[in-house]
Amino acid sequence: MRTLVCVKRVPITGGKMVLTADGQALETKHLGFTISPHEECAVEEAVRIGGEVVVLTLGPAEAEEQVRDCMAIGADRGILLETTEEWDAQSTAAAIVDAIRREEPFDLILFGNESADAAGFQVGIRVAHALGLPVVTGLKKIEVQGARVRCERDVGGARDVYEAPLPAVLTVLEGLNLPRYPSVPGRLRAKSKPLAVVEPARPEQKLEKLRLVVPEGQGKQAEILEDASQVVAVLQALGVA
Amino acid sequence: MKVVVIGGGIVGNSLTGWLAELGVTDLVQLDKGPFPNPGGSTGHASNFIFPVDHSKEMTQLTLESMRQYRDAGTLHECGGIEVARTEERMEELRRRMASAKSWGIEDCRLVTPTEIKELVPFVDESILVGGFYCPSVAVVDSLRFGTVMRERAQALGAQVFANTEVTGIDVEGAHVTRVRTTRGDFDADTVVIACGVWSPRIARMAGASIPLTPAVHQMIDVGPVPRFLTSKTAVDFPIVRDMDTNMYERQDGQGLEVGSYAHRPILHEPDDIPSIEESALTPTELPFTQEDFELQLEHALQLVPEVLGDESVGIKYAINGLLSLTPDGLPLLGETPEVKGLWSAAAVWVKEGPGVGKSVAEWMVHGEPEIDLQSSDVARFYPEQRTPAHVKGRAAEGFNKTYGIVHPTEQWESNRGVRVSPFYEREQELGAVFYEAAAWERPHWYASNAPLVDEYGVKGREHEWDARWWSPIINAEHLAMRERAAMFDLTAFCVFDVVGPNALDAVQMVAARQMNVPNGRVVYTPVLAPRGGFKSDLTIMKMEDDRFRVVTGGAHGMADMKWFRDHCPDGTRIEDHTSSVCTVGMWGPRARDVLASITGTDVSNEAFPFSTWQELDNGVIASRISYVGDLGWELYAPMERGLELWDALWEAGRPHGVVPAGIGVYGTTGRLEKAYRAFGAELDQDYDVVEADMAWWKVKGEDFVGKDAHVAAREREPAATLCTLTIDELSRTPLGREPIVREDGSPLVDAKGRRSYVTSAGMGPSLGKYILMAYLPPGDHGKLYVEYMGARYPVTVDVVGSRPPFDPDNERIRS
């Protein structure tokens with residue numbers, strides 16, 4: 001069984017977003033980085049399924065940190081498509097497709113449903129289309145059954161169930177499973193697992209970013225109540241007391 | 001008093017509670033964050049306390065803190081073990097045993113690897129040589145304690161405002177007047193900055209400086225640990241400090257916390273700390289830098305493989321935590337020298353927080369803390385030590401020594417060569433080995449004096465630790481001085497004048513001795529704290545009417561200057577001459593001959609008696625005093641003429657065999673033979689003038705700080721007396737702070753509960769004996785020993801009191 005999981009390095013933000021002076025990016029000097037919660041579940045699922053697990057990312061050199069994190073919980077090998085720039089969804093998908101075609105075929109290719117920062121919702125679908133593979137999105141459960149995969153999607157209290165032949169592309173949602181924390185031996189092993197670094201050529205972008213804007217009213221979502229009388233006033237205003 | 005405390009961490013909370021306890025009613029506490037955890041270092045602290053420290057002051061603060069935590073029901077004794085992977089570390093652990101005994105921490109003992117395994121079963125004892133076990137090591141709930149203190153203050157009328165950020169501090173006439181915040185202005189005559197890593201930023205709003213730097217210390221939390229699932233408390237097992245790897249491991253409920261001080265120093269700027277809103281966790285829990293912990297993971301895995309090698313145990317939490325580091329690793333407490341009424345209570349660990357809160361509150365309300373805080377006084381730093389280069393350089397260098405083996409005389413490497421005297425070039429040519437004090441480079445001994453070692457038959461020291469940061473050349477220089485004469489670079493003195501029509505009033509109040517003396521007199525006087533202990537000791541020269549020159553040791557000079565300034569009435573001012581005056585000391589039997597050949601002024605004993613000063617015909621001010629107990633003078637020249645003075649003395653000294661000599665002689669061998677006391681060693685706030693046997697002068701009629709307490713001390717028998725002891729057979733050389741014990745190993749404790757320990761130690765080359773000074777309770781204690789590196793060495797009490805073992809009638813000085 002050979003599974004590829006595609007991940008993206010994203011910042012861990014606090015309640016307040018701060019932009020760089022030119023408004024082009026988040027100010028990240030005080031931020032740590034991770035992969036999005038959907039992707040954490042994808043990696044966990046791949047490790048549980050077993051066989052060879054390869055993690056791929058398109059990102060800066062620092063994204064090696066995220067690939068090693070995935071290796072720490074059980075991924076065997078990593079591929080870093082190194083770039084210092086942002087790529088739109090089409091280019092990202094194309095680069096991933098190129099990388100996949102250079103590899104031995106995968107049985108399963110997993111994506112997070114959307115990335116935690118750009119949230120394009122597209123890359124997984126575009127990759128599947130380019131490879132001519134079936135794709136099922138927004139999944140909360142995956143079961144590999146021999147040459148087929150059975151997967152479930154939440155639809156307001158009920159579940160849609162899909163079956164697809166392998167190889168297939170699946171995009172998953174947080175809640176698919178409970179990802180493990182890396183162990184110390186896992187961390188130490190991750191240091192020496194193989195990582196291939198490639199520098200793909202960035203094609204002309206179909207999407208041009210003008211600037212980022214922090215919406216009004218984002219920030220304080222809570223009001224601190226100083227004493228009991230204020231709490232009572234709020235409860236009365238809500239009509240519950 | 002109208003007090004505003006800025007900061008709601010362990011220090012701010014403890015201080016606010018204690019201020020209220022001590023009767024401050026107009027009291028406001030602010031923090032820009034929420035309670036109970038506003039997001040400072042306290043919020044993510046590991047919360048464990050190892051009480052034993054080589055510093056008496058830090059140990060006292062820690063023991064007091066533990067008492068408070070315990071009284072508030074927020075302390076859990078779990079025990080702790082400092083483990084050794086090397087024999088060198090075991091030696092250091094024996095030193096810690098000695099300190100435990102000197103400061104009265106009972107029940108500590110050295111343990112074998114097998115015993116460590118019994119106490120902490122998940123440790124791999126096969127990589128250990130032994131350990132130092134302290135059963136009273138505890139874990140505390142610093143947030144809960146802080147809340148208790150804050151609520152106690154509120155019950156007594158204090159107002160507490162969370163989510164209130166300070167935007168400015170107003171100062172008028174060098175006195176604090178107001179704190180400006182996002183919630184409005186608060187008038188205040190007393191403001192305390194207890195802001196942890198933010199303190200320098202807040203201080204700068206008032207034009208003051210608090211010399212600390214925020215720095216990272218990494219920690220991770222792993223779990224769930226199978227063995228901990230059946231634990232009865234959050235910390236069932238003793239905490240382990242893996243000293244040789246600068247790490248610790250402690251149980252935290254079902255998890256294990258692993259912390260490190262081993263990584264590269266990672267310093268941050270106070271202005272660059274993220275806000276609460278911007279932070280993913282809190283402003284002092286910064287993103288973990290994995291690469292800085294890689295080696296540490298391996299080290300920790302070696303020590304606790306059962307836990308960390310378990311694949312089911314996950315790394316759940318990992319941060320680069322921020323804490324405060326200072327240039328000398330000690331806290332920053334007290335009124336800032338720049339702004340009256342603006343206090344600092346910063347760079348304090350959870351283990352000292354409550355003790356600091358009480359002590360600073362006492363200092364603010366009573367004018368004096370019960371625990372002597374001289375080492376932590378924020379006023380101690382010279383401007384050269386407040387620069388970013390100094391603060392960061394030393395903080396970075398000190399960081400990796402957090403669990404280090406630090407020799408008592410070990411020298412810093414960073415930021416050297418900052419203050420040099422006019423004679424520096426000559427000293428370098430003479431092969432001076434420079435030690436640093438107060439940012440000054442001072443020769444400790446001179447390599448060019450090496451031939452003296454054979455000439456005087458001086459022996460070396462056998463053991464590497466004893467011989468470290470020492471040279472037999474020191475003893476040889478001493479003997480050359482006593483036989484001929486030696487010249488010393490003493491430019492590092494802090495020299496300042498008290499000037500003005502009321503200058504006499506100022507010095508009378510500060511100095512214990514009578515200062516209404518004729519022009520030309522030099523007075524060596526104690527400076528007392530309000531309750532009669534020592535605040536300093538220094539020399540005051542009556543220069544002219546309305547002008548007194550204070551000459552004090554470099555290390556404590558800035559705090560002394562502030563103390564004098566605080567007691568200057570209107571119209572009296574302080575003039576700092578430290579950077580305009582250089583000093584050469586010339587002492588020994590030939591000193592007069594040398595001096596006489598460079599000046600026409602009559603320097604005979606009749607014309608120039610002891611304890612007086614004169615301006616010589618060449619413009620040099622000569623003061624006839626002697627900290628080495630020999631004939632001679634301190635010679636002061638304007639800085640720009642210093643080289644000329646040095647060269648003149650050098651030439652004049654050639655025919656007499658004068659040698660250059662360093663602080664090894666001036667600070668240790670010379671004075672120990674004469675039983676001269678040193679502030680910070682024998683003299684501190686814990687002991688009074690009678691106990692130090694320095695009360696040979698009459699008590700003046702005029703009032704002075706500490707007078708009532710001093711008079712009372714003279715009227716009673718001292719609980720202990722400072723003695724000069726010698727080691728019977730010279731083999732090992734204790735270096736200071738070792739306990740003095742009886743035949744059965746039991747410590748000596750006086751009626752005030754103070755234990756006897758070595759306050760100063762060093763060779764007395766002219767006596768051929770190794771000298772120790774210690775306060776001993778009265779009575780016959782039988783044969784006494786000094787405990788050093790786990791062994792006991794017999795000692796003899798040579799003198800009870802201050803009579804000098806060498807030249808007891810002071811014939812040399814007065815010749």
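Criteria and cut-off values
- Residues numbered from 1 in each chain as written.
- Chains lettered and ligands numbered in written order.
- Predicted model: local features only at pLDDT ≥ 70, side-chain atom pairs only at ≥ 80, totals over all residues.
- Heavy atoms only, no water.
- Helix = DSSP H or I, 4+ residues; strand = E, 2+ residues; numbered from the N terminus.
- Rg over C-alpha atoms; globule rule 2.2 N^0.38 Å.
- Buried < 20%, exposed > 50% of the residue type's maximum accessible area, 1.4 Å probe, protein only.
- Contact = heavy atoms within 4.5 Å.
- Areas by Shrake-Rupley, 256 points an atom, 1.4 Å probe, with all protein chains shown as cover.
- Lys, Arg positive; Asp, Glu negative; His and termini not counted.
- Charge placed at Lys NZ, Arg CZ, Asp CG, Glu CD.
- Arc of directions from axis to C-beta.
- Pairing = 2+ DSSP bridges.
- Axes fitted to C-alpha atoms, helices over the stretch in contact; angles between N-to-C directions.
- Salt bridge = Lys/Arg side-chain N within 4 Å of Asp/Glu carboxyl O.
- Core = buried A, V, L, I, M, F, W, Y, C linked by side-chain atoms within 4.5 Å.
- pLDDT = per-residue confidence, 0-100.
- Buried area = accessible area lost by both parts, 1.4 Å probe.
- Polar contact = N/O pair within 3.5 Å; in protein donor to acceptor, adjacent residues only side chain to side chain.
- Nonpolar A, V, L, I, M, F, W, Y, C, P; charged D, E, K, R; others polar.
- Phe/Tyr/Trp six-rings, centres within 6.5 Å; stacked < 30°, edge-to-face > 60°.
- Lys NZ or Arg CZ within 6 Å of the ring centre and 35° of its normal.
- Patch = residues over 30% accessible without salt bridge, like charges linked within 9 Å, V, L, I, M, F, W, Y side chains within 5 Å.
- Disulfide = S-S within 2.5 Å.
- Left-handed = near helix turned anticlockwise from the far one by under 90°.
- Expected span 1.5 Å × (residues − 1).
- Parallel < 35°, antiparallel > 145°, perpendicular 65-115°, else oblique.

Points about the overall build of chain B
And step 1. The helix and strand tally for chain B stands at 21 helices and 40 strands.
And step 2. Taking 2.2 N^0.38 as the reference for a compact globule, 815 residues should give roughly 28 Å; the C-alpha atoms of chain B span a radius of gyration of 27 Å, in line with that estimate.
And step 3. Its C-alpha atoms put chain B at 85 × 60 × 50 Å along the principal axes.
And step 4. Residues counted as buried form 62% of the 815 residues belonging to chain B.

Concerning the overall build of chain A
And step 1. Broken down by element type, chain A carries 6 helices and 11 strands.
And step 2. Once the C-alpha set of chain A is aligned to its principal axes, its extents read approximately 65 × 45 × 40 Å.
And step 3. With 241 residues in all, chain A has 40% of them scored as buried.
And step 4. Here the analysis covers contacts within chain A between residues at least 6 apart in sequence; of these, 70% occur between residues at least 24 apart.
And step 5. Carbon and sulfur atoms make up 53% of the accessible area of chain A, which amounts to about 12700 Å² in all.
And step 6. Where the 27 positive side-chain charges of chain A centre and where its 35 negative ones centre are 3 Å apart.

Concerning helix α8 (residues 294-303) of chain B
And step 1. Q296, L297, H299, A300 and L303 of chain B are the residues of α8 of chain B that are buried. For α8 of chain B, the angular spread of the buried residues around the axis is 165°, confining them to a single face.
And step 2. Where the residues of α8 of chain B are buried, they touch α5 (184-190) of chain A together with β14 (213-223), β15 (239-242), β16 (247-252), β17 (255-260) and α9 (305-308) of chain B.

A word on the sheet that holds strand β3 (residues 48-49) of chain B
Residues and elements named next belong to chain B.
And step 1. Across the sheet, which stays open at both edges, the 3 strands sit in the order β3-β8-β4 with antiparallel pairing between neighbours. Edge positions in the sheet fall to β3 and β4 (75-77), since each of these pairs with one other strand and no more.
And step 2. Of the strands in this sheet, β3, β4 and β8 (138-140) are in contact with helix α3 (residues 56-71), which crosses β4 at around 110°.

As for the pattern of salt bridges
Opposite charge on two side chains makes pairing possible when the charged atoms of those side chains draw close.
Residues and elements named next belong to chain B.
And step 1. Inspection of the entire model under this criterion finds 93 salt bridges over all chains.
And step 2. The closest approach of N and O atoms between D686 and K56, which form a salt bridge, is 2.9 Å. You can see D686 sitting in the loop between α20 (663-673) and α21 (707-714) and its partner K56 sitting in helix α3, a full 630 residues away along the chain. Neither residue differs from the other here; D686 and K56 are each classed as buried.
And step 3. R95 is the salt-bridge partner of E92, the closest N and O atoms lying 2.9 Å from each other. Residue E92 and its partner R95 are both found in helix α4 (residues 87-103); the two are separated by 3 residues, about one turn of the helix.
And step 4. Looking at R95, the relative accessible area reads 13%, which means it is buried.

Focus: the nonpolar core
Residues and elements named next belong to chain B.
And step 1. L15, L19, L27, Y69 and M364 are the most contacted members of the largest nonpolar core, which has 36 residues in total.
And step 2. No other element matches the 6 residues that helix α1 (residues 10-21) contributes to this core.
And step 3. Excluding residues that lie within four positions of it along the chain, Y69 makes contacts with I10, I49, T74, L75, V140, S142, F145, V350 and P354.

Quick look at the confidence of the model for chain B
And step 1. On average, chain B scores 97 in pLDDT, and the residues at 70 or more come to 100%.
And step 2. Confidence estimates for the predicted assembly give a pTM of 0.95 and an ipTM of 0.89.

Quick word on the interface of chain A and chain B
And step 1. Between chain A and chain B, the contact holds 24 residues from the first and 24 residues from the second.
And step 2. Broken down residue by residue, the surface that chain A buries against chain B is led by H30, Y181 and V184 of chain A, which jointly contribute 30%.
And step 3. The residue R189 of chain A makes a salt bridge to E311 of chain B at a minimum N-O spacing of 2.8 Å.
And step 4. Run the count over chain A and chain B and you get 9 residue pairs in polar contact (both at pLDDT 80 or more).
And step 5. Here the side of chain A that touches chain B gets 6 residues from one element, more than from any other, and that element is α5 of chain A.
And step 6. A breakdown of the residues in the side of chain A that touches chain B according to their chemical character gives 9 nonpolar, 7 polar and 8 charged.

Let's talk about the side chain of D31 of chain B
Residue and element names in this part refer to chain B.
And step 1. Structurally, D31 can be placed in the loop between β2 (26-30) and α2 (41-44).
And step 2. Of note is the side chain of D31, whose polar atom sits 2.7 Å from the backbone nitrogen of G8.
And step 3. Contact partners of D31, with chain neighbours within four places excluded, come to G7, G8, G9, P38, F161, A162, N163 and T164.

A word on the packing of aromatic side chains
And step 1. As enumerated under the stated definition, the model contains 27 aromatic pairs over all chains in all.
And step 2. When the ring of Y435 of chain B is compared with that of W445 of chain B, the centres are 5.9 Å apart and the planes differ by 70°; the resulting orientation is edge-to-face. Taken together, the positions of Y435 of chain B in strand β22 (residues 432-437) and W445 of chain B in strand β23 (residues 440-446) put the pair 10 residues apart, joining distant regions of the chain. Comparing Y435 of chain B with W445 of chain B, the two get one shared label, buried.
And step 3. Pairwise contacts between aromatic rings join F48, F50, Y248, Y261, W349, F399 and Y403 of chain B into one cluster.
And step 4. Lying over the aromatic face of F33 of chain A, R9 of chain A brings its terminal NZ or CZ to 3.7 Å of the ring centre.

Notes on the environment of F423 of chain B
All names here are of chain B.
And step 1. By the secondary structure assignment, F423 is in the loop between α11 (388-399) and α12 (424-429).
And step 2. Separated by 223 residues in sequence, F423 and W646 have C-alpha atoms that sit 6.7 Å apart.
And step 3. Beyond its immediate sequence surroundings of up to four residues, F423 is in contact with D489, T491, C582, T583, V584, G642, L643 and W646.

Topic: the pairing of strand β40 (residues 791-800) of chain B
Look at any regular strand and the pattern is simple: side chains alternate between the two faces of the sheet.
And step 1. Summarising the sheet, strand β35 (residues 721-727) of chain B and β40 of chain B pair through 5 bridges and their orientation is antiparallel. Looking at the pairing, I727 of chain B lines up with V795 of chain B of β40 of chain B.

Observations concerning a nonpolar patch on the surface
All names here are of chain A.
And step 1. A cluster of nonpolar residues, L225, V231, V234, L235, L238 and V240, forms a patch on the protein surface that exposes about 490 Å² of accessible area.
And step 2. Structurally, L238 can be placed in helix α6 (residues 228-238).
And step 3. A residue is classified by how much of its surface remains accessible, and L238, at 61% relative accessible area, is exposed.

As for the state of the cysteines
And step 1. Overall, the coordinates contain 0 disulfides over all chains when judged by the stated rule.
And step 2. For C494 of chain B, which is in no disulfide, the shortest distance to another cysteine sulfur is to C568 of chain B and amounts to 14 Å.

So, the packing of helix α15 (residues 472-483) of chain B against α20 of chain B
All names here are of chain B.
And step 1. Interhelical geometry of α15 versus α20 gives an angle of 60° and a closest axis separation of 10 Å. When you trace α15 past α20, the crossing you get is right-handed. Taken together, the residues of α20 that come into contact with α15 (itself represented by I474, N475, E477, H478, M481 and R482) are G664, V665, T669, G670 and E673.
And step 2. The residue makeup of the contact of α15 with α20, split by class, is 3 nonpolar, 5 polar and 3 charged.

Some thoughts on the sheet that holds strand β10 (residues 166-172) of chain B
Residues and elements named next belong to chain B.
And step 1. The 3 strands are arranged β10-β11-β12 in an open sheet whose pairing can be described as antiparallel. In this open sheet, the two strands that pair with only one neighbour each are β10 and β12 (184-187). Looking at each pair of strands side by side, their axes are set apart by 25° on average, direction ignored.

Quick look at α11 of chain B
All names here are of chain B.
And step 1. The first and last C-alpha atoms of α11 sit 16 Å apart over 12 residues, in line with the 16 Å expected at 1.5 Å per residue.
And step 2. All of the buried residues in α11 are H390, V391, G393, R394, A395, A396, E397 and F399.
And step 3. Looking at the buried positions of α11, the neighbouring elements they touch are β14, β17, β19 (314-325) and β22.

Describing the packing of α1 of chain B against helix α10 (residues 353-366) of chain B
Residues and elements named next belong to chain B.
And step 1. Where α1 contacts α10, the two axes come as close as 8 Å, and the packing angle between them is 45°. In terms of orientation, α1 lies oblique with respect to α10. Classified by chirality, the crossing of α10 by α1 is right-handed. Across the interface between the two elements, I10, V11, S14, L15, W18 and L19 of α1 pack against G353, P354, V356, G357, K358, V360, A361, M364 and V365 of α10.

Some words on the side chain of E368 of chain B
All names here are of chain B.
And step 1. Among the secondary structure elements, E368 is positioned in the loop between α10 and α11.
And step 2. A distance of 2.7 Å separates the side chain of E368 from the backbone nitrogen of R531, its partner in a polar contact.
And step 3. Setting aside residues up to four positions removed in sequence, E368 forms contacts with E362, W363, A529, P530, R531 and Q685.

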